[in-house]
Amino acid sequence: MGFNAPDQATLEQYRNAAEKEHRDYWAANGGSPNPDSFFPGYERGWNDAKAALSSGNDTPEGDDLANWAKTRAGETGQPEDSWEWEHGFKRGAADVKQAGSQ
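Residues numbered from 1 in each chain as written. Predicted model: local features only at pLDDT ≥ 70, side-chain atom pairs only at ≥ 80, totals over all residues. Heavy atoms only, no water.

K.L.:
I'd love a proper account of the pattern of salt bridges, names of residues and values included.
P.N.:
Evaluated as defined, the whole model comprises 10 salt bridges. For the salt bridge of Arg91 with Glu21, the shortest nitrogen-to-oxygen distance reads 2.9 Å. Of this pair, Arg91 sits in helix H4 (residues 83-101) while Glu21 sits in helix H1 (residues 8-28), and the two are 70 residues apart along the sequence. Exposure remark for Arg91: the relative accessible area of 22% places this residue in the partly exposed category. A single salt-bridge network, built from bridges that share partners, covers Glu21, Arg91 and Asp95. (Salt bridge = Lys/Arg side-chain N within 4 Å of Asp/Glu carboxyl O. Helix = DSSP H or I, 4+ residues; strand = E, 2+ residues; numbered from the N terminus. Buried < 20%, exposed > 50% of the residue type's maximum accessible area, 1.4 Å probe, protein only.)

K.L.:
Which residues make up the packing of aromatic side chains, and what values do they have?
P.N.:
Overall, the coordinates contain eight aromatic pairs when judged by the stated rule. Between Phe38 and Phe39 the ring centres are 4.7 Å apart and the planes differ by 85 degrees, which places this aromatic pair in the edge-to-face class. Of the two residues, Phe38 and Phe39, both sit in the buried class. An angle of 90 degrees between the planes, with centres 5.0 Å apart, marks the rings of Trp68 and Phe89 as edge-to-face. Residue Trp68 is located in helix H3 (residues 62-75), and its partner Phe89 is located in helix H4; the two are separated by 21 residues in the primary sequence. (Phe/Tyr/Trp six-rings, centres within 6.5 Å; stacked < 30°, edge-to-face > 60°.)

K.L.:
Tell me about the environment of Asn47, and name the residues and values.
P.N.:
Within the fold, Asn47 resides in helix H2 (residues 35-54). In the structure, Asn47 is positioned 41 residues away from Gly88 in sequence and 12 Å away in space, judged by C-alpha atoms.

K.L.:
Account for H4, naming residues and giving values.
P.N.:
Compared with an ideal rise of 1.5 Å per residue, which puts 19 residues at 27 Å, H4 spans 27 Å between its outermost C-alpha atoms and is within 8% of the ideal. Buried residues of H4: Glu84, Trp85, Glu86, Gly88, Phe89, Gly92, Ala93, Asp95, Val96, Ala99 and Gly100, and no others. Buried-residue contacts for H4 involve H1, H2 and H3. (Expected span 1.5 Å × (residues − 1). Contact = heavy atoms within 4.5 Å.)

K.L.:
Got a sec to walk through H3? Specific residues and values, please.
P.N.:
The terminal C-alpha atoms of H3, which comprises 14 residues, lie 20 Å apart, in line with the 20 Å expected from a rise of 1.5 Å per residue. Considered for burial, the residues of H3 that qualify are Leu65, Trp68, Ala69, Arg72 and Ala73. Projected onto a plane normal to the axis of H3, the buried residues spread over an arc of 135 degrees and lie on a single side. Within H3, the exposed residues directed more than 90 degrees away from the buried face are Asp63, Gly74 and Glu75. Looking at the buried positions of H3, the neighbouring elements they touch are H2 and H4. Of the residues one or two after H3, Gly77 is the one with positive phi, at around 80 degrees. (Arc of directions from axis to C-beta.)

K.L.:
If you had to explain the nonpolar core to someone new, which residues and values would you point to?
P.N.:
Soluble globular proteins: nonpolar side chains tend toward being buried together. With 18 residues, the main nonpolar core has Tyr42, Trp46, Trp68 and Phe89 as its most contacted residues. Those elements that provide at least two residues to this core are H1, H2, H3 and H4. Take this core: its biggest share by element is six residues, from H2. (Core = buried A, V, L, I, M, F, W, Y, C linked by side-chain atoms within 4.5 Å.)

Structural measurements only, silent on function.
And the structure:
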């Protein structure tokens, strides 16, 4: 089973699901989502992982994925405390891997 790069419509489907879950989480836990941070991270994670997987590489998991997200946050000029961007990055990377494996 290989990786089949998902198209833009698939990105939008997964991104919409992530947005709903993100907003629902914050609504249930008394917080306020920051889509201006989460979704750029999500799309960067999706695109970076898509590029890696399309070239035959795998994507990191666990702590390695967290480190990749933190590194990419710094490289894209995110503030040091960019946990929501990093969370979006990790979610996007995981989603594209799942979408391309179906």
